[in-house]
Amino acid sequence: MSPAERADLQLRLVQIAYRQRSPAMDEHTLKRLRLRSEAILDAILFVPGDDLAFESRLQELREELRPAS
Amino acid sequence: MARVTVINDSSEFLELMRDLLTSLHHEMTGFVAVEASIDEVVDSKPELLVVDLRLQDRPQEISGWEIIILARSHRQLLNVPIILCTADVWELKKRTSDLEQVAGVHVRTKPFDLNEMCHLIQRLLGQETTERSERGGQ
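Figured I'd write up the structure that's included with this text. Quick caveat: nothing in here was measured; it's all calculated off a predicted structure.

### Considerations on the side chain of B:Thr5
Phase 1: Structurally, B:Thr5 is set in strand β1 (residues 3–7).
Phase 2: If we skip the residues at most four places from it in the chain, B:Thr5 touches B:Thr29, B:Phe31, B:Val41, B:Ser44, B:Pro46, B:Leu48, B:Leu49 and B:Val50.

### Quick look at the interface of chain A and chain B
Phase 1: Between chain A and chain B, the contact holds 19 residues from the first and 21 residues from the second.
Phase 2: For the pair chain A and chain B, the summed buried area comes to about 1,900 Å², and 56% of that belongs to carbon and sulfur atoms.
Phase 3: When the buried area of chain A at its contact with chain B is split by residue, A:Arg6, A:Leu13 and A:Gln20 rank highest and sum to 30% of it.
Phase 4: Here chain A is connected to chain B by 1 salt bridge.
Phase 5: Linking B:Asp19 and A:Arg12 is a salt bridge whose minimum nitrogen-to-oxygen distance equals 2.8 Å.
Phase 6: Our count for the chain A to chain B interface comes out at 5 residue pairs in polar contact (both at pLDDT 80 or more).
Phase 7: Listing elements by their share of the side of chain A that touches chain B, those giving two or more residues are α1 (3–19) and α2 (27–32) of chain A.
Phase 8: With 9 residues, the top contributor of residues to the side of chain A that touches chain B is α1(A).
Phase 9: Classifying every residue of the side of chain A that touches chain B by side-chain character gives 10 nonpolar, 4 polar and 5 charged.

Definitions and limits used
- Residues numbered from 1 in each chain as written.
- Chains lettered and ligands numbered in written order.
- Predicted model: local features only at pLDDT ≥ 70, side-chain atom pairs only at ≥ 80, totals over all residues.
- Heavy atoms only, no water.
- Helix = DSSP H or I, 4+ residues; strand = E, 2+ residues; numbered from the N terminus.
- Contact = heavy atoms within 4.5 Å.
- Buried area = accessible area lost by both parts, 1.4 Å probe.
- Salt bridge = Lys/Arg side-chain N within 4 Å of Asp/Glu carboxyl O.
- Polar contact = N/O pair within 3.5 Å; in protein donor to acceptor, adjacent residues only side chain to side chain.
- Nonpolar A, V, L, I, M, F, W, Y, C, P; charged D, E, K, R; others polar.

In structure tokens, the structure reads:
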């Protein structure tokens, strides 16, 4: 599996955990998953329940994590 | 190649695990629910079980915790390693002391680190060297 595919899978897992309202979606966990951007981290952490905002931030995150081709 | 059985009420999670396990060249059987006899789990002949702690409770179906207990008392599943994946941290805390009594259960909360999960899967299946050599070969 390529790094890009692995990053996509990781983001899908974050989406699933978000939908399941996992309390493990905390700052420490997200940083450990190398979701690096502070702004995006903050957005994810501060929009619980706002699905549209979450999906939008997730798309940014996907772009950020995708290795340059 | 090894056989891995994943039990999770989220079809989305099953799809994700199928992609992950396929990339590791393993064969996955997925169940969104399991009945108390766990015959279908036994029939899938798993070398590794990945179980969600909280499953939807319909009367004839059982929880992930019950699956673990039944697996550990079943002749054919007794020694099969189990990865317990859950987003339900509160239920997990309630089960901590119970889980400590059950051998071979590895707990990961969602969202877990996929790289670490891959290493854990390969280690439990005794295929860590294969994974490392494949990654080194990329």
